[in-house]
Amino acid sequence: MATLTRQDLNFGQVVADILCEFLEVAIHLILYVREIYPSGIFQKRKKYNVPVQMSCHPDLNQYIQDTLHCVKPLIEKNEAEKVVVVIMDKEHHPVERFVFEISQPPLLSISSETLLSHVEQLLRAMILKISVCDAVLDNNPPGCTFTVLVHTREAATRNMEKVQVIKDFPWIVADEQEVHMEEAKLIPLKTMTSDILKMQLYVEERTQKT
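In the nomenclature of an unreviewed UniProt entry, the protein is known as Mitotic spindle assembly checkpoint protein MAD2B of Cirrhinus molitorella. What the UniProt record of the protein gives under Subcellular location (unreviewed entry) is the line "Nucleus".

Now the structure itself:
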């Protein structure tokens, strides 16, 4: 059994690859389950050995990919604390916030055999939980849209304006109304703990949606 630091084995990059791949699937599934887009633009695929719904709309897919491409360097440096999918009504007020709270251990006690084992099983359980989350959430009003927010550590926030990963896709400070939701109830969905990553998923849901 070896104890590794985050610099060993390009550890940050490994975690970022795993997490961004998962977040892409999770965002598509949230949009499908919460009916933000018509079901006709989604196709059934298989990921983590379970069926998932993925969008076929090029512009939507590009937005999600560009967002995660910008998130990835923050995860690699362990500078991203939360990735949040915000569902908003027609007035751009949040009705739901799917919060992925991320933490990575500074030291790892792992062997090569256990580096990635168990992680896929944990991510599968989280995807399955998202797929049935409508059972614990109220219906959203018609005409909802979404955005993706990233909560960073303070040092990362100071540097983000200098870094533009994709041309014409800059980071901007989130509107206050996207970040905070009045009279929200918190609904825990799933927590996963592994050697390389800890993640908690919960939903903040506005009590009165209409």
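This is not the end of the story, as more comes after the structure.
## Description of the packing of helix H1 (residues 11-33) against helix H2 (residues 58-76)
Between H1 and H2, whose axes approach to 9 Å, the crossing angle comes to 150 degrees. Judged by the inter-axis angle, H1 sits roughly antiparallel to H2. Relative to H2, the crossing made by H1 is right-handed. On H2, the residues touching Gly12, Gln13, Val15, Ala16, Asp17, Leu19, Cys20, Leu23, Glu24, Ile27, His28 and Leu31 of H1 are Leu60, Asn61, Ile64, Gln65, Leu68, Lys72, Ile75 and Glu76. Classifying every residue of the contact of H1 with H2 gives 11 nonpolar, 5 polar and 4 charged.

## Section: the sheet that holds strand S4 (residues 80-88)
Taking strand neighbours across the sheet as the criterion, the 5 strands line up as S7-S4-S5-S9-S8 in an open arrangement whose pairing is antiparallel. Each having just a single partner strand, strand S7 (145-152) and strand S8 (184-193) make up the two edges of the open sheet. Geometrically, the sheet is characterised by an average inter-axis angle of 15 degrees between neighbouring strands, direction not taken into account. Across 9 bridges, the pairing between S8 and strand S9 (residues 198-206) is antiparallel. Residue methionine 192 lies in a different strand from S9, and its bridge partner there is methionine 199. Strands in contact with H1 are S4, strand S5 (94-103), S7 and S9; relative to S5, the strand with the most contacts, it is inclined by about 165 degrees.

## Re the nonpolar core
Residues Phe22, Ile87, Phe98, Phe100, Ile127 and Phe146 are the most contacted members of the largest nonpolar core, which totals 56 residues. Of all the elements, H1 adds the most residues to this core, at 15 residues. Aside from chain neighbours lying at most four places away, what touches phenylalanine 100 is Phe22, Leu23, Ala26, Ile30, Glu81, Lys82, Val83, Val85, Ile130, Met199, Gln200 and Leu201. Of all hydrophobic cores here, the second largest spans 6 residues; its members include Val84, Met88, Val99 and Leu149.

## Details of the pattern of salt bridges
Note that side chains of opposite charge can pair when their charged atoms are close. Inspection of every chain in the model, using the stated rule, returns 11 salt bridges. With its nearest N and O atoms 2.6 Å apart, the salt bridge here joins glutamate 96 to arginine 34. Of this pair, glutamate 96 sits in strand S5 while arginine 34 is found in the loop between H1 and strand S2 (42-47), placing the two residues 62 residues apart along the sequence. Take glutamate 96: its relative accessible area is 0%, and that puts it in the buried class. Residue arginine 34 is classed as buried on the basis of its relative accessible area of 7%. What emerges from the salt-bridge pattern is a single network uniting Arg34, Glu96, Asp138, Lys185, Glu205 and Lys209.

## Topic: the side chain of asparagine 140
Structurally, asparagine 140 can be placed in the loop between helix H3 (119-131) and S7. Within the structure, asparagine 140 has its side chain in polar contact with the side chain of glutamate 96 (distance 3.3 Å). Among the polar contacts made by the side chain of asparagine 140, one reaches the side chain of lysine 209 at a distance of 2.8 Å. Not counting chain neighbours up to four residues away, the residues in contact with asparagine 140 comprise Arg34, Ile36, Ile87, Val95, Glu96 and Lys209.

Conventions adopted
Residues numbered from 1 in each chain as written. Predicted model: local features only at pLDDT ≥ 70, side-chain atom pairs only at ≥ 80, totals over all residues. Heavy atoms only, no water. UniProt positions renumbered as here; feature names shortened; annotations may be inferred. Axes fitted to C-alpha atoms, helices over the stretch in contact; angles between N-to-C directions. Helix = DSSP H or I, 4+ residues; strand = E, 2+ residues; numbered from the N terminus. Parallel < 35°, antiparallel > 145°, perpendicular 65-115°, else oblique. Left-handed = near helix turned anticlockwise from the far one by under 90°. Contact = heavy atoms within 4.5 Å. Nonpolar A, V, L, I, M, F, W, Y, C, P; charged D, E, K, R; others polar. Pairing = 2+ DSSP bridges. Core = buried A, V, L, I, M, F, W, Y, C linked by side-chain atoms within 4.5 Å. Buried < 20%, exposed > 50% of the residue type's maximum accessible area, 1.4 Å probe, protein only. Salt bridge = Lys/Arg side-chain N within 4 Å of Asp/Glu carboxyl O. Polar contact = N/O pair within 3.5 Å; in protein donor to acceptor, adjacent residues only side chain to side chain.

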